Amino acid sequence: MNAQTRRRVFVISVGVVVAAALAYGFLPKPVPVDVAKAARGPLRVTVEEEGRTRVRDRFVLSAPVAGYLRRIELNAGDRVKKGQQVALLEPLRSTVLDPRSRAEAEAAVSAARATLDAGQERVRAAAADAEYARDREARMAQLAKDGYIAKDDLDQAVAESKKTEALRLSSEAAVTAAKADLERAESVLGYSAAEHPAASGKTVVVHAPVSGSVLKLYRESEGVVIAGDQLIDIGDPGSLEVKVELLSADAVKLKKGTPVLFERWGGDRPLEGRVRVVEPAGFTKVSSLGVEEQRVNVIVDITSPFELWRRLGDGYRLDATFILWEGRDVLQVPASALFRKGDDWALFTVEGRRAKLTAVTVGQRNGLSAEIVKGLQEGAVVIASPDDNIRDGGKVKVRSGT
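All values derive from a computational prediction rather than experimental measurement.

Draft legend 1. Quick peek at the pairing of strand β19 (residues 369-374). In this sheet, β19 lies alongside strand β15 (residues 317-334) in antiparallel orientation, the contact comprising three bridges. Of the residues in β19, the one forming a bridge with P334 is S369. As paired elements, strand β18 (residues 354-365) and β19 share three bridges and run antiparallel to each other. The residue of β19 that forms the bridge with V362 is I372. Between the end of β18 and the start of β19, which pair antiparallel, lie three residues.

Draft legend 2. Summary view of the nonpolar core. Counting residues in hydrophobic clusters, the biggest one holds 23 residues, and the most contacted among them are L246, F262, V300, L312 and F322. For this core, the secondary-structure elements that each account for two or more residues are β2 (39-55), β11 (240-247), β12 (259-263), β13 (271-286), β14 (292-302) and β15. The next biggest cluster of nonpolar side chains, apart from the first, holds 16 residues, and it includes V80, V86, A208 and I232.

Draft legend 3. Quick peek at the sheet that holds strand β3 (residues 58-62). Sheet architecture is open: four strands sit in the order β3-β10-β8-β5, paired in antiparallel fashion. Every interior strand has two partners, whereas the edge strands, β3 and β5 (79-80), have only one. Where strand β8 (residues 212-217) and strand β10 (residues 230-235) come together, four bridges link them in antiparallel fashion. For S213, the partnering residue across the bridge sits in β10 and is G235.

Cut-offs applied
Residues numbered from 1 in each chain as written. Predicted model: local features only at pLDDT ≥ 70, side-chain atom pairs only at ≥ 80, totals over all residues. Heavy atoms only, no water. Pairing = 2+ DSSP bridges. Helix = DSSP H or I, 4+ residues; strand = E, 2+ residues; numbered from the N terminus. Core = buried A, V, L, I, M, F, W, Y, C linked by side-chain atoms within 4.5 Å. Buried < 20%, exposed > 50% of the residue type's maximum accessible area, 1.4 Å probe, protein only.

Laid out in structure tokens, this is it:
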């Protein structure tokens with residue numbers, strides 16, 4: 001083979017290699033994918049939310065009247081019996097007189113004492129008039145009996161005697177009122193807190209309405225309280241319920257008797273419960289992100305044996321999982337494998353290293369898995385998280401999966 005022939009063969013060979021390389025470069029490459037197998041197993045559809053325990057029957061004891069509260073000797077957790085004294089209220093302490101108030105009170109005492117003295121003098125004058133009128137009545141009665149005066153004169157003497165007697169009684173009553181005014185004026189000085197700091201009268205006793213435990217003390221030290229001030233919470237910590245604030249969209253899925261699991265409450269295993277009440281009225285609550293949410297209180301009874309959760313108390317936190325639907329032998333795939341194809345659901349299966357578009361009928365779903373009712377066989381390999389690069393019939397390369 002001469003040099004020209006060899007050169008021609010070399011050029012042709014290089015051209016073929018370059019053409020093959022270009023053709024290979026433009027060939028579609030397999031898309032790396034993660035896969036999972038359609039398998040049967042348990043599937044549970046749930047709603048999760050944080051809850052708080054609370055005593056079912058809670059009694060809040062308040063001050064029935066304004067007064068001075070003596071120190072409460074009870075502590076949180078102490079047992080009390082029905083009718084037991086739990087708090088004692090004394091009358092409010094008198095105020096301390098400032099210099100001007102004291103001067104006014106002393107002047108009021110002097111005025112009251114002068115009024116009393118004047119009244120006593122009027123009593124003596126009225127007594128003298130009454131005595132004279134009685135003597136004159138007696139004399140006039142004797143003269144009328146002997147026929148020396150007319151009966152009209154006797155009647156005038158009798159009327160004058162009754163009038164002076166009434167004036168005497170009125171003066172004595174005025175003296176009694178003056179004494180009361182003097183006592184009232186002196187009491188302002190005598191019952192000042194600076195004079196009698198420990199003075200007390202009758203007390204008001206607050207009794208426990210039921211037997212139970214002290215849950216909370218709103219105030220322990222003595223001091224002034226007004227009517228309606230909360231003092232003590234009493235209840236039975238062995239009778240707990242759980243209050244959960246659910247979104248209204250989730251609350252409508254619940255009904256009385258819906259099973260609930262309580263986790264992360266501090267025990268070794270979850271507790272069981274049942275929904276007792278879904279309150280009919282919702283309320284607006286602002287989330288930590290500043291979003292207004294409509295929420296509904298759901299009350300749940302704990303059905304697990306008391307020995308398992310006896311260490312729980314009022315206001316303890318736990319996570320509540322409401323079981324909306326549960327199946328034990330359900331064909332399922334990862335929820336991320338599903339996507340919408342028109343009005344239906346679809347997914348990609350892997351057959352012979354190629355993706356195949358498969359329409360399926362989906363049943364129940366939770367955040368991780370979805371039930372396949374129709375369109376897929378057990379053991380089929382599906383693409384776990386398909387993206388826009390995957391096409392029906394396109395080549396794929398399994399990167400990871402089961």
